[in-house]
Each structure stands twice: as C-alpha cells, then as structure tokens.
Amino acid sequence: MAEVALKNVSKIYPGNVIGCKDINLEIKDKEFCVLVGPSGCGKSTTLRVIAGLEEITSGELRIGGEVVNDIPAKDRDIAMVFQNYALYPHMKVKENLAFGLKLRKYPKEEIEKRVKEAARILEIEHLLDRRPKALSGGQRQRVALGRAIVRKPKVFLFDEPLSNLDAKLRVQMRLEIKKLHAKLQITSIYVTHDQVEAMTMGDKIVVMKDGFIQQIDDPIKIYERPLTKFVAGFIGSPPMNFIEVNVEEKDASIILKEKGQGFILPLERAAFSFLSEYSRKKIILGVRPEDVKDTIFANIKDAKNTISATVEAEEPMGSENYIHLKTKFHSITMKTAGTNRVKMGDKLNLVFDLTRLHFFDPQTEKRIE
C-alpha cells in the first residue's frame, strides 16, 4: 500500500517566500493525482517536498503510512520523471534504464529482467542500443518513464513531463501514461500547468494558486462546481465568462443588472433564493462559453431577456467554433458548433442557460450557493 498524506505541510524559503503553505492532501493507493496551476503556484515545490528534494519547513509527510520528513530522497522508494528527461548522454538506452538498479546493487540477472520488461511495456526494445541523441523527444520520454518503471517504486512523481513535446505527441504520450498507470497500478502524482492534461489524466485534481490549495476534487466536479472564481477561470477552455452585476429583488424574481440597462437577467426566486442576502449588492456572474447560446444557431423562438452582442472575432476549431463578442459593457466568448460561422461585425442575440450559472462573491471570490 502506498498512500501519500500531507498534513499542514509548508515550505517557506528565506525572506519569507512561500513555496507552498498549509498543504493538506491525501492521495490514495493506486490513485492518479494531478497538481495543476499557473507558474509559481507551488505545485512543483509540493512535488519536490514529496520527493525529498526540498526540506519541509513545517508539517508532516507520510508515504505508505510512514513519516518520511527526515528520510532522504534515495530512501523514500519513489521514482521521478523530469521535464528535461535527465538521461545520461554517454550511455545507451539499456544502460540508462539499468543505472539506478546498478547503484542499488541489484543482481545482474534481475537488472536484465527488469530492463527487458520495461522496454516491452513501453515498446522501446528496438532502441536499447541507441544513445539519447539518436532518439526523438517522444522516445526520450519513454526511456525516462522506463527508468522509473524498472525501479518498481511505491510512488511515481511526474514533473511536467510532456511540456517539451509538440502538441500531437503530447496527446499521444498523455494517453500512454494513462494506460501505463492502469497497467502498473502505482500511486502517481503528476504536476502540470495544462488544465487539459489535468482534466484528461487525473482521478483527483488539486488546483493551486500562490502556494495554497484552492480546490481538491475529481475533474468533472471541479468543472461543474468550482469553489472559487480562480478555479472557475482556470479550469475550462475557453475560460469562463465573468460579469459583475447588481442584485435586486422584485416580486417573485431576483434580477441581475449591470451598469444601468446594459444587462438585465431575471431569475426565479425559488431557484436562486440564496442570492437574497446579496440584495442591492454586487456579485460576479459566471457562465461558461458552451452555456451561451445564440437564438438563431440554437433555434430558440420567442426568447426573452436576450443580450445583444457584436462579433469581434472567431476561432474555428473544426468541430467547434469559439466566437468572441462585445456587448454594451463587456466581452463574452461563446462556444458553438463548428458549422456555426460568423463574420466580424455580425449582430447576435445571446441567451444564457439559466440552469448552469455560477455566482461568486466579489470580495472573497468564493462561490455563492
């Protein structure tokens, strides 16, 4: 069993610079956990703390139930895959794969057995006699994975391993790593700044910002119920639209208004009663691009409370089209079918899916519900 548990773990650098702060995280045995966030959010620092490459300032770290705060990296029974592959250029592939095992003085027969097994799993048997300079980026990454596999560790750690690959190869390797995890069933912690990687690979996603955890959940729950404005804007492509609105109550409705008459959206009080405490106050309304509809494209007849918008640009993606629009006071992005094409300057009437709105407090930026 190889659970990884961090309890109030912090890493503070000289000058009171926060690497990560008060990290509370439990990763179950065989789970694939992804740490995601922008540069400087603390995800790599957290990974290096788990690896033993950074000393913990405070808190407790357990791997497989054992406190490892004072155990050196080489004795933690973890294997790390780096962004730059970290292969020895003067060694052949088979020597790179075997090097860690030789250092640990494994028998020669065992080393050969593990190297052949890893090469078979990763389909690099034909590359064993080549040196790294003769390999493509994807092949080098497979060798780096193989070097971790031969160790048969308790935990795999991945530090942005795909960021040096081109877009097509990244997609391919993403799938390969996921299949590899399903086959080996080893607890894995993966760091990335790419929210698409996080959504497609993780059993559990940890969203970080400024050294702190913002939200921990499975990918779909994070997407459908982000707990902060930051998470809502970071997870999802294109990003969520945000509009600052005033809340008013009238009869059986809660009305959202923006700057005079620029935006008016009546909501049924029964469904949105939680907004009553924000009456006569400002809140942030969030709506994802796929929940913005055009009355013509969506064939919506007799639509009420439409929002007039002008097309500023479009990004045709094949099966989808991202349309960027300007209303009287704000910009909105709509995601629609790829066949729905527009021209710059076209006028559209927008309708929001009222069942899929998100609301955030403008001061705390936390979810209102």
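Within each chain, residues carry numbers counting from 1 in the order of the written sequence. The predicted origin of the model limits local features to residues at a pLDDT of at least 70 and limits the giving and counting of side-chain atom pairs to 80 or more, whereas totals for whole chains, interfaces and linings rest on all residues. Side-chain metrics rest on all non-hydrogen atoms present in the structure, leaving aside hydrogens and water.

A. Broad picture of the overall build of the protein. Note on conventions: DSSP H or I runs of at least 4 residues are helices, E runs of at least 2 residues are strands, and numbering of each starts at the N terminus. Helix and strand content of the protein: 8 helices and 20 strands. Each residue is assigned to one of three classes by its accessible area relative to the maximum for its type, calculated with a 1.4 Å probe on protein chains only: buried under 20%, partly exposed between the two thresholds, exposed over 50%. Burial statistics for the protein: of 369 residues in total, 47% are counted as buried. Contacts are residue-level and defined by heavy atoms, with any inter-residue pair within 4.5 Å sufficient. Long-range pairs, those at least 24 residues apart, make up 65% of the contacts in the protein between residues at least 6 apart in sequence. A total of about 18500 Å² of accessible surface is found on the protein, and carbon and sulfur atoms cover 49% of it. In the protein, the 60 positive side-chain charges and the 51 negative ones have mean positions that sit 4 Å from each other. Throughout, the Shrake-Rupley method with a 1.4 Å probe supplies accessible areas, and for residues the shown protein chains are the sole cover considered. His is not counted, nor are the chain ends, whereas Lys and Arg count as positive and Asp and Glu as negative. To locate a charge, take NZ of a lysine, CZ of an arginine, CG of an aspartate or CD of a glutamate.

B. Quick look at unusual backbone geometry. A cis amide bond links serine 237 with the next residue in sequence, proline 238, at an omega value of -5°. The residue proline 238 is located in the loop between α8 (229-234) and β11 (241-250) in this model. Positive phi values are uncommon outside glycine, yet lysine 30 reaches one of about 75°. Note that lysine 30 resides in the loop between β2 (17-27) and β3 (32-36). Taking relative accessible area as the criterion, lysine 30 reaches 42% and is therefore assigned partly exposed.

C. Spotlight on the domain arrangement of the protein. By the assigned domains, the protein splits into domain 1 (4-234) and domain 2 (241-360). Reported domain spans reflect what an automatic or database domain assignment gives. The centre of domain 1, based on its C-alpha atoms, is set 40 Å off from the matching centre of domain 2. Each partner contributes to the interface: domain 1 provides 7 residues, whereas domain 2 provides 7 residues. When two parts are put together, the accessible area they lose, computed with a 1.4 Å probe and summed over both, is reported as buried area. Taking both partners together, domain 1 and domain 2 bury about 710 Å²; carbon and sulfur atoms supply 59% of that area. When residues of domain 1 are sorted by the area they lose upon contact with domain 2, Tyr223, Lys229 and Ala232 head the list and together hold 70% of the total. Note on definitions: salt bridges are taken to be side-chain nitrogens of Lys or Arg within 4 Å of carboxyl oxygens of Asp or Glu. Put simply, domain 1 and domain 2 have 0 salt bridges between them. N or O atoms closer than or at 3.5 Å make up a polar contact, with two conditions inside protein: a donor-capable atom paired with an acceptor-capable one, and, for residues adjacent in sequence, both atoms drawn from side chains. Our count for the contact surface shared by domain 1 and domain 2 stands at 3 residue pairs in polar contact (both at pLDDT 80 or more). Of all the elements in the fold, those that place two or more residues in the side of domain 1 that touches domain 2 are α7 (219-224) and α8. If one sorts the elements of the side of domain 1 that touches domain 2 by residue count, α8 sits on top with 3 residues. Each residue is assigned to one of three groups, with Ala, Val, Leu, Ile, Met, Phe, Trp, Tyr, Cys and Pro labelled nonpolar, Asp, Glu, Lys and Arg labelled charged, and all others, Gly among them, labelled polar. Grouping the constituent residues of the side of domain 1 that touches domain 2 by class yields 3 nonpolar, 2 polar and 2 charged.

D. Up close: the packing of aromatic side chains. Between rings of Phe, Tyr and Trp, where Trp is taken as its six-membered ring, a pair exists when centres lie within 6.5 Å; planes separated by under 30 degrees are stacked, by over 60 edge-to-face, and by other angles tilted. Throughout the structure, instances matching the rule amount to 10 aromatic pairs. Plain terms: the ring middles of phenylalanine 272 and phenylalanine 359 are 5.8 Å apart, the flat faces sit at 80° to each other, and that makes the pair edge-to-face. Of this pair, phenylalanine 272 sits in the loop between β13 (263-268) and β14 (282-287) while phenylalanine 359 sits in strand β20 (residues 358-360), placing them 87 residues apart in sequence. An identical accessibility class is assigned to phenylalanine 272 and phenylalanine 359; each is buried. Three or more aromatic residues joined by ring pairs form one cluster here, namely Phe32, Phe156, Phe158 and Tyr190. A positively charged side chain is recorded as over a ring if its NZ (Lys) or CZ (Arg) lies within 6 Å of the ring centre. The angle to the ring normal must also be within 35 degrees. Just above the ring of phenylalanine 242 sits the side chain of lysine 229; from NZ or CZ to the centre is 5.1 Å.

E. Region of interest: the packing of helix α2 (residues 93-103) against helix α4 (residues 137-149). Closest axis-to-axis distance for the α2/α4 pair is 8 Å, and the angle between their directions is 30°. As judged from the angle between their axes, α2 and α4 are roughly parallel. Remark: the crossing between α2 and α4 carries right-handed chirality. Contact with α2, carried on its side by Val93, Asn96 and Leu97, involves Val143, Gly146 and Arg147 of α4 and no other residues of that element. Each residue belonging to the contact of α2 with α4 can be placed in one class, and the counts come to 3 nonpolar, 2 polar and 1 charged. Axes here mean lines fitted to C-alpha atoms, for a helix over just the part in contact, with angles spanning 0 to 180 degrees between N-to-C directions. In what follows, roughly perpendicular refers to angles from 65 to 115 degrees, roughly parallel to angles under 35, roughly antiparallel to angles over 145, and oblique to any angle outside these ranges. Crossing handedness is defined as follows: a turn of the near helix away from the far one that is anticlockwise and smaller than a right angle gives a left-handed crossing, while the clockwise case is right-handed.

F. Region of interest: the nonpolar core. By nonpolar core we mean a set of buried residues, namely Ala, Val, Leu, Ile, Met, Phe, Trp, Tyr and Cys, connected to one another through side-chain atoms within 4.5 Å. Val36, Ile177, Tyr190, Val207 and Ile235 are the most contacted members of the largest nonpolar core, which has 47 residues in total. Of all the elements, helix α3 (residues 108-122) adds the most residues to this core, at 6 residues. Look past the residues within four positions of valine 36 in its chain and what remains in contact with it is Lys43, Thr192, His193, Asp194, Gln195, Ala198, Ile205, Val206, Val207, Met208, Phe234 and Ile235. Membership of the second largest hydrophobic core comes to 29 residues, among which are Leu285, Leu325, Met334 and Val342.

G. Looking closely at the side chain of glutamate 160. With respect to the helices and strands, the residue glutamate 160 is situated in the loop between β7 (155-159) and α5 (167-184). Buried charged residue glutamate 160 carries no salt bridge. Nearest counter-charge: lysine 43, at 4.2 Å. At 2.7 Å, the side chain of glutamate 160 forms a polar contact with the side chain of histidine 193. Setting aside chain neighbours within four positions, we find glutamate 160 in contact with Lys43, Ser44, Gln83, Val191, Thr192 and His193.

H. Broad picture of the sheet that holds strand β9 (residues 204-209). Ordered in space as β6-β7-β8-β3-β9-β10, the 6 strands form an open sheet in which the pairing is mixed. Edge positions in the open sheet fall to β6 (78-81) and β10 (212-217), since each of these has one partner strand only. In this sheet, adjacent strand axes meet at a mean angle of 20° when their direction is disregarded. Each pair of strands is called paired provided DSSP finds at least two bridges between the two strands.

I. Main features of the pattern of salt bridges. Throughout the structure, instances matching the rule amount to 16 salt bridges. Lysine 221 is the salt-bridge partner of aspartate 218, the closest N and O atoms lying 4.0 Å from each other. Residue class for lysine 221 comes out partly exposed when judged on its relative accessible area of 48%. Between glutamate 369 and arginine 367 there is a salt bridge whose closest N-O contact spans 3.0 Å. One network of salt bridges, in which partners are shared, links Lys11, Arg48 and Glu54.

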